[in-house]
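# Architecture at a glance
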Amino acid sequence: MLMSWIWTGLVGVSILCAAVLGKGHDLASAIVEGAQNGVSVAVSIAGAICLWTGVGKLMERAGLTRLLSRLLSPVLLRLFPSAGGDASARHYLTANICANLLGLGNAATPMGIQAAKRLADPKRPGIATDELCRLVVLNTASIQLIPANVAAVRAGLGAAAPFDILPAVWVTSLSSAVLGVLAAFIMGAMRKDG
């Protein structure tokens, strides 16, 4: 709700400034040009999203997500101990992490929501557990091996080498995930002690 007021205010200020400065024509042409650019970037991103979402489905059907689930089990069980006895939670967690590794934040969201439902404490509805907080941190940091969406945006905007950002993405996403999870563990421990 707040964002709608902010955007409305920005549009109103833009229209007012254009009217006062006599730049209405420039504003109108910028609106049309921006709308055209938005559509072309959206179409280029849609193709990449379809491709990588399909790759994710193929991974699931080929059993790669089960294999990854087994490989990631030691890490997942340390981060999410309650998922140890819940195969469904482990499946959703693994699928969510795989989608994030491919840089598909939008495809990871439904699986993350299902994992969050499985990690929630039914005895305390509306209260986030420590595990749920760690899941949110991991999804926000989103370790990405292949930043598909970012590369699609870069390609749509004319970048000659859209994947040349890989080393920076790897370092920053891994660092933010490790530091975020560490902070979540520390905050959880402080809450229990306090």
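As shown above, the structure is provided for reference.
Treat the numbers as computed from the prediction; the structure is a model and nothing was measured.

What counts and how
- Residues numbered from 1 in each chain as written.
- Predicted model: local features only at pLDDT ≥ 70, side-chain atom pairs only at ≥ 80, totals over all residues.
- Heavy atoms only, no water.
- Phe/Tyr/Trp six-rings, centres within 6.5 Å; stacked < 30°, edge-to-face > 60°.
- Lys NZ or Arg CZ within 6 Å of the ring centre and 35° of its normal.
- Core = buried A, V, L, I, M, F, W, Y, C linked by side-chain atoms within 4.5 Å.
- Buried < 20%, exposed > 50% of the residue type's maximum accessible area, 1.4 Å probe, protein only.
- Helix = DSSP H or I, 4+ residues; strand = E, 2+ residues; numbered from the N terminus.
- Contact = heavy atoms within 4.5 Å.
- Axes fitted to C-alpha atoms, helices over the stretch in contact; angles between N-to-C directions.
- Parallel < 35°, antiparallel > 145°, perpendicular 65-115°, else oblique.
- Nonpolar A, V, L, I, M, F, W, Y, C, P; charged D, E, K, R; others polar.
- Salt bridge = Lys/Arg side-chain N within 4 Å of Asp/Glu carboxyl O.

Attention now goes to the packing of aromatic side chains. Applying the stated criterion to the full structure yields 0 aromatic pairs. Over the face of the ring belonging to Phe185 we find Arg134, whose NZ or CZ atom lies 4.3 Å from the ring centre.

Okay, the nonpolar core next. Core analysis: the biggest nonpolar cluster contains 14 residues, and Leu79, Phe80, Ala83, Leu93, Leu119, Leu135 and Leu138 have the highest contact counts within it. If you list the elements that add at least two residues to this core, you get helix H3 (64-79), helix H4 (87-101), helix H5 (105-119), helix H6 (130-141) and helix H8 (166-193). Element by element, the count of residues in this core is highest for H6, at 4 residues. Dropping the residues within four chain positions of it, Leu93 is found in contact with Leu76, Phe80, Ala83, Ala115, Leu119 and Leu135.

Okay, the environment of Cys50 next. Among the structural elements, Cys50 can be located in helix H2 (residues 24-61). Taking C-alpha positions, Cys50 is 25 Å from Leu135, a pair spaced 85 residues apart along the chain.

Residue placement: Asn96 occurs in helix H4. Asn96 has contacts with Ala108, Met111, Gly112, Leu135 and Asn139, leaving out every residue within four places of it along the chain.

Moving on, we get to the packing of H3 against H4. Look at H3 against H4: their axes get within 9 Å of each other, and the N-to-C directions meet at 100°. The pairing of H3 with H4 is recorded here as roughly perpendicular in orientation. The residues of H4 that touch H3, namely those facing Thr65, Leu68, Ser69, Leu72, Ser73, Leu76 and Leu77, are Arg90, Leu93, Thr94, Ile97 and Cys98. Class assignment of the residues belonging to the contact of H3 with H4 gives a composition of 7 nonpolar, 4 polar and 1 charged.

Moving on, we get to the pattern of salt bridges. Using the criterion set out here, one finds 1 salt bridge in the structure. One salt bridge in this structure joins Asp164 and Arg154, with 2.7 Å as the shortest N-O distance. Here Asp164, found in the loop between helix H7 (148-156) and H8, pairs with Arg154, found in helix H7; they are 10 residues apart in sequence, far enough to count as distant.

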